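What follows is each chain in one-letter form.
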Amino acid sequence: MTGTDHTRRATFGQVFAVPEFRVLFGSFALLVAGDTVKMLAFAALVYGRTGSAGLSALAYMSGFLPYVLGGTFLLSLADRMRPRRLMIAGELVRVAVCLALASGGMPVWAMLLLVVVTGTLNPVFGAARTATLPELLPGDSYVLGRSVLTITSAGAQIGGLAAGGAVLSLAGPGGALLITAALSGAGAVLLRLGLPDHPPRAAVPTAVPSSPSRAETAASGTGSVLDRPSAESTEISGGGAGVGGGGAEAGRGRHGAGHARRDLGAAGGNAVRASLRVNRRLLADRRVRALMLCNWIPVMFVAGAEALVVPYLNERGAPSQAGFVLAAFAVGMALGDLVVGRFAAPAMRERLSFPLAVASGVPLAAFAARPSLPWCLALGVLTGACLAYNLGLQRRFVDAAPPDALGQAFGLFTSGQMTTQGLGAALAGAIASLLPAHLAIAVIGGAAVLAALALARHLRPEHAEPARSAEPGRPVEPSGPGRPVEPSGPGRTAGSSRPARSDQPADAAPPVQAGEGGAAVIEVGRG
């Protein structure tokens, strides 16, 4: 699994053949199962203590609210600390929170504050996990890996609430929280034993400008689009990166525990400023910004429609059936990712992005006819299946994001998605205050179609760039996504354990280039 040919279709079997991915998948499955039980148990605990439905709902949503804060001010930590350590820290934080909540000795306001404050770190922990995926799964395998995680998340929505209810009935809120703590502890052990301890993607801020995007790196022909700069390439000498042979050897000798502690301390001290700078840099890049909007906007409208399922079924006198309809959306999402991911070739997935995004609003518009429950289920499945449009955007996003900020790019992606889904629900509520729920859902469906049409230029596949001209007497090397993987760091290949070739310096750093679309250059070293 070391090639990066995006035109070659991967299989789910090849994805699960990578041991490190199996570790990530296992820890993610434990995470989503534990979080589902945790939020249900916390809501039940608050309701049992206060008898307030409003506070119970606030408790259930408290795990989502901090994404705006964490995604804005702390995301730089995802690239400036070791990813495995961050993921393990996230699991241990969940263990501590669940144990504190299960103790029962905290007032309700303190419990809510604890969940919100610790939740601001969730975008950082999640970004470290997501950004590790393309380094383990190059080429089309990465897209299928993302699909597997999406299917897992959808499965948690389908079965997690039912399982969480069973756990609550058997063990009570306190016991359910202890079970969640045990799941998080198991996830931490799994990550510690099964995942390599890779160095950070970016060093603490220095005077070195940012790295180019992966697509720019591939086009320049200077290295792999999957290269992670080695720890040795971050050594600073005389205001520049020491990449010479002797300097690299000295860097290897100096990069010990003391150096790691110094980087960690500096990363924590400058995290807020670096996060704001890199967020501005990412949003200033027209390609990154467009791909984020393509992933956010259609999903925002679907989330708004889901928020009106209960009011709509209340109109029909069957509010208790809302769970089945919401589960239908999740079933469709899982089926869409499975079918498109498994049976569509990479190029076909990218061509499907635009028509599927447009189609996502069509079943919602059909709610204008006030469908019965069976038709609601069918429309929910169709809407969820159309969300597989995002699979055609995944590779392009990885290629567009700068390698030294890949973790923050994924973190901003996720935080923006969480935020826009909340905005979608608020927008749906505002429309439903003016129109009946079934017409409000139809209006939202029409808005989803119009939004996809407006984003058509970015949802459609990008045209391949012409090959670079070669030097006289030298053959042209591949310059696009199909470029072979080059060694990343001393003695290893990105996404594999193969030794680096002896004829290429292990500490070679890519040339400095400006970001796309006039993106501001920030002071982030490579590391």
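Our structure is the block above this text.
Everything numeric here is computed off the predicted structure, so don't read it as measured data.

1. Topic: the overall build of the protein chain
- A tally of regular secondary structure across the protein chain gives 23 helices and two strands.
- For the protein chain, buried positions account for 50% of its 527 residues.
- Within the protein chain, residue pairs in contact and separated by at least 24 positions form 84% of the contacts whose partners lie at least 6 positions apart.

2. Some words on the packing of aromatic side chains
- Under the counting rule described, the total for this entry stands at seven aromatic pairs.
- Between Y312 and F367, the aromatic rings sit 5.5 Å apart at their centres with planes inclined by 80°, giving edge-to-face as the arrangement. You can see Y312 sitting in helix α15 (residues 309-315) and its partner F367 sitting in the loop between α18 (362-365) and α19 (373-386), a full 55 residues away along the chain. Just as Y312 is buried, F367 falls in that class too.

3. Quick notes on the nonpolar core
- Core analysis: the biggest nonpolar cluster contains 96 residues, and L137, Y389, F397 and L459 have the highest contact counts within it.
- Here this core gets ten residues from one element, more than from any other, and that element is helix α14 (residues 286-307).
- Apart from the residues lying within four places of it in its own chain, the contact partners of F397 are V288, L291, M292, A409, F410 and F413.
- Counting residues in hydrophobic clusters, the runner-up holds 19 residues, among them V37, V97, L168 and L177.

4. Some thoughts on α14
- Taking 1.5 Å of rise per residue, 22 residues should cover 32 Å, and α14 covers 31 Å from first to last C-alpha, within 8% of that figure.
- A side-chain oxygen of the first residue of α14 lies 3.0 Å from the backbone nitrogen of R287; this N-cap is D285.

5. Quick notes on the packing of helix α6 (residues 83-103) against helix α7 (residues 108-119)
- α7 packs onto α6 with a crossing angle of 175° between their chain directions and a minimal axis gap of 11 Å. Judged by the inter-axis angle, α6 sits roughly antiparallel to α7. Contacts from V93, V97, A100 and L101 in α6 reach M111, L114, V115 and T118 in α7.
- Looking at side-chain class alone, the contact of α6 with α7 contains seven nonpolar, one polar and no charged residues.

6. Concerning the environment of Y312
- On the accessibility criterion, Y312 (1% relative accessible area) is buried.
- Sequence separation of Y312 and H438 is 126 residues, and the distance between their C-alpha atoms is 5.8 Å.
- Not counting residues within four places of it along the chain, the set of residues in contact with Y312 comprises F367, R370, P371, C376, A437, H438 and I441.

7. Some details on the packing of helix α13 (residues 271-284) against α14
- Between α13 and α14, the least distance of the axes is 5 Å, while the angle of their chain directions is 85°. Considering the angle they form, α13 stands roughly perpendicular to α14. In contact with L282, L283 and A284 of α13, α14 contributes R286, V288, R289 and M292.
- Here the residues of the contact of α13 with α14 are counted per class, giving five nonpolar, no polar and two charged.

8. Overview of the side chain of N390
- As for its position among the elements, N390 is in the loop between α19 and α20 (391-400).
- Looking at N390, the relative accessible area reads 17%, which means it is buried.
- With near-sequence residues (within four places) excluded, N390 lies in contact with N295 and D337.

9. Section: the pattern of salt bridges
- As enumerated under the stated definition, the model contains ten salt bridges in all.
- In this structure, R84 and D197 form a salt bridge, with 3.8 Å as the shortest nitrogen-oxygen distance. Taken together, the residues R84 in helix α6 and D197 in the loop between α9 (140-194) and α10 (214-220) connect sequence positions 113 residues apart.
- Residue R395 is joined to D399 by a salt bridge in which the shortest nitrogen-to-oxygen separation is 2.6 Å. Of this pair, R395 and D399 are both found in helix α20, four residues apart, which corresponds to roughly one turn of the helix.
- Judged by relative accessible area, R395 falls into the buried class, the value being 14%.
- Salt bridges linked by common partners bring D35, E91, R94 and R129 together as one network.

10. Description of a nonpolar patch on the surface
- Residues I158, V331, L335, L338, V339 and F343 make up a contiguous nonpolar surface patch of about 510 Å² in total accessible area.
- Examined against the element boundaries, V331 turns out to sit in helix α16 (residues 322-343).

11. Examining unusual backbone geometry
- In this structure, R370 takes a positive phi of about 50° despite not being glycine.
- Relative accessible area serves as the criterion here: at 36%, R370 is assigned to the partly exposed category.

Basis of the calculations
- Starting from 1, residues in each chain are numbered consecutively following that chain's sequence as written.
- Note on the predicted model: pLDDT of at least 70 is required for a residue's local features to be given, and 80 or more for side-chain atom pairs to be given and counted; whole-chain, interface and lining totals, by contrast, use all residues.
- Calculation of side-chain values draws on the structure's entire complement of heavy atoms; hydrogens and water are dropped beforehand.
- Per the convention used, a helix needs a DSSP run of H or I reaching at least four residues, while a strand needs a run of E reaching at least two, with both numbered from the N terminus.
- Relative accessibility thresholds used throughout: buried, under 20% of the residue-type maximum; exposed, over 50%; partly exposed, between the two (1.4 Å probe, protein chains only).
- Contacts between residues were defined by any pair of non-hydrogen atoms, one from each residue, lying within 4.5 Å.
- Think of it this way: a Phe, Tyr or Trp ring, Trp meaning its six-membered ring, pairs with another when their centres are within 6.5 Å, and the plane angle makes it stacked under 30 degrees, edge-to-face over 60, tilted otherwise.
- Put simply, a nonpolar core is a bunch of buried Ala, Val, Leu, Ile, Met, Phe, Trp, Tyr and Cys residues held in one set by side-chain atoms that sit within 4.5 Å of each other.
- Here the expected span of a helix is defined as 1.5 Å times the quantity of residues minus one.
- A 3.5 Å cut-off defines polar contacts: any pair of N or O atoms within that distance qualifies, except that in protein one atom must be a possible hydrogen donor and the other a possible acceptor, and neighbouring residues in sequence count only when both atoms are side-chain atoms.
- Each axis is a line fitted through C-alpha atoms, taken for helices only over the stretch in contact, and angles between the N-to-C directions span 0 to 180 degrees.
- Any angle from 65 to 115 degrees is called roughly perpendicular, while one under 35 is roughly parallel, one over 145 is roughly antiparallel, and all others are oblique.
- Just so you know the grouping, Ala, Val, Leu, Ile, Met, Phe, Trp, Tyr, Cys and Pro go in nonpolar, Asp, Glu, Lys and Arg go in charged, and all remaining residues, Gly too, go in polar.
- Salt bridges are identified by distance alone: a Lys or Arg side-chain nitrogen within 4 Å of an Asp or Glu carboxyl oxygen.
- Patch definition: residues with relative accessible area over 30% and no salt bridge; like charges joined within 9 Å; nonpolar side chains (Val, Leu, Ile, Met, Phe, Trp, Tyr) joined within 5 Å.
- Computed by Shrake-Rupley with a 1.4 Å probe, the accessible areas treat only the displayed protein chains as cover when residues are assessed.

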